[in-house]
Amino acid sequence: MSNKATLTDIHAIVHAEHIQVAAVYDSQQDALNSIESVIAETAVEKDQITLINPMDPHFSEKLERASSKIGKTLWSSHLKLGFAGLVAGLIVAALLVQFGPALTKNNPLFTYIALISPGLFIGLFIAGLAGLRPDRHEIIETVRSAIKRKKYALVVNLKKGQQVNNIKTLLGSRGHKVTEAIQ
């Protein structure tokens, strides 16, 4: 499956308010012209657009506006998936104690200990993997590479109802590379 088909499928599931589009420009004037055209031709407002200058030491804060929200999401996902793993371990242990081989029937305490622990750890591990956010890697690396090469980056945080493809087309008319990611 191609990357475009995957992103199209994602757009059908994820609302536009969770999509971020970034473009790279050679000059500040090209970036400013793109800002003007995006504001004039779409429903994007100026506060949704962030211009990142070359060698900006605080570009990560501009890319990830709500880091406290990310922390809360990580905390809740670890709690929920850890608890789900614990419950799954309990259910499997209960089934083995009830219907399993003689070893598990004769040693219920050890069966519960042996299955609850891995269930909990697997749930926490899955939450950690989800927290890595591999889908954000491309947009972060694009902006990081651009500012190190003394280029300008433009980041647009979309709201509900705004068309991703229209904004990508407008940004791509003057920019070198346009990429998108789910926030």
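Because the structure is a prediction, the values reported are computed rather than measured.

Comments concerning the nonpolar core
- Counting residues in hydrophobic clusters, the biggest one holds 18 residues, and the most contacted among them are Y25, V44, I49, L154, V156, L158 and L171.
- Of all the elements in the fold, those that place two or more residues in this core are β1 (19–25), α2 (28–41), β2 (49–52), β3 (152–157) and α8 (164–172).
- A22, F59, V143 and I147 belong to the second largest nonpolar core, which has ten residues in total.

Thoughts on the side chain of Q48
- By the secondary structure assignment, Q48 is in the loop between α2 and β2.
- A polar side-chain atom of Q48 sits 2.8 Å from the main-chain carbonyl oxygen of N157.

Here we look at the pairing of β2
- Residues I49 and L51 line one face of β2 and the alternating positions T50 and I52 line the opposite face, and both faces are buried.
- Note that β2 and β3 share four bridges and pair antiparallel. Each residue of the ladder has a partner; that of I52, found in β3, is A153.

Thoughts on a nonpolar patch on the surface
- Taken together, the side chains of L81, I122, F125, I126, L129 and L132 present a nonpolar region at the surface, about 590 Å² in accessible area.
- For the nonpolar patch, the leading source of residues is helix α6 (residues 108–131), giving four residues.

Quick word on the sheet that holds β2
- Read across the open sheet, the four strands follow the order β2-β3-β1-β4; overall the sheet is antiparallel. Lying at the two open borders of the sheet, with one neighbouring strand each, are β2 and β4 (178–182). On average, each strand axis in the sheet is inclined to that of its neighbour by 20°, with strand direction left out of account.
- Contacts from α2 reach β1, β2 and β3 within the one sheet, and its direction differs from that of β2 by about 175°.
- On the sheet, helix α7 (residues 137–148) packs against β1, β2, β3 and β4 and is oriented at approximately 25° with respect to β1.

Examining the environment of A127
- On the secondary structure map, A127 appears in helix α6.
- With a relative accessible area of 1%, A127 lands in the buried category.
- For the pair A127 and L74, spaced 53 residues apart in sequence, the C-alpha to C-alpha distance is 7.5 Å.
- For A127, the contacting residues outside a window of four places in its chain are S77, H78 and L81.

Quick word on unusual backbone geometry
- Of note, the phi angle at K150 is positive, near 60°, even though the residue is not glycine.
- Relative to the helices and strands, K150 is located in the loop between α7 and β3.
- Relative accessible area serves as the criterion here: at 55%, K150 is assigned to the exposed category.

Procedures and definitions
Residues numbered from 1 in each chain as written. Predicted model: local features only at pLDDT ≥ 70, side-chain atom pairs only at ≥ 80, totals over all residues. Heavy atoms only, no water. Core = buried A, V, L, I, M, F, W, Y, C linked by side-chain atoms within 4.5 Å. Buried < 20%, exposed > 50% of the residue type's maximum accessible area, 1.4 Å probe, protein only. Helix = DSSP H or I, 4+ residues; strand = E, 2+ residues; numbered from the N terminus. Polar contact = N/O pair within 3.5 Å; in protein donor to acceptor, adjacent residues only side chain to side chain. Pairing = 2+ DSSP bridges. Patch = residues over 30% accessible without salt bridge, like charges linked within 9 Å, V, L, I, M, F, W, Y side chains within 5 Å. Areas by Shrake-Rupley, 256 points an atom, 1.4 Å probe, with all protein chains shown as cover. Salt bridge = Lys/Arg side-chain N within 4 Å of Asp/Glu carboxyl O. Axes fitted to C-alpha atoms, helices over the stretch in contact; angles between N-to-C directions. Contact = heavy atoms within 4.5 Å.

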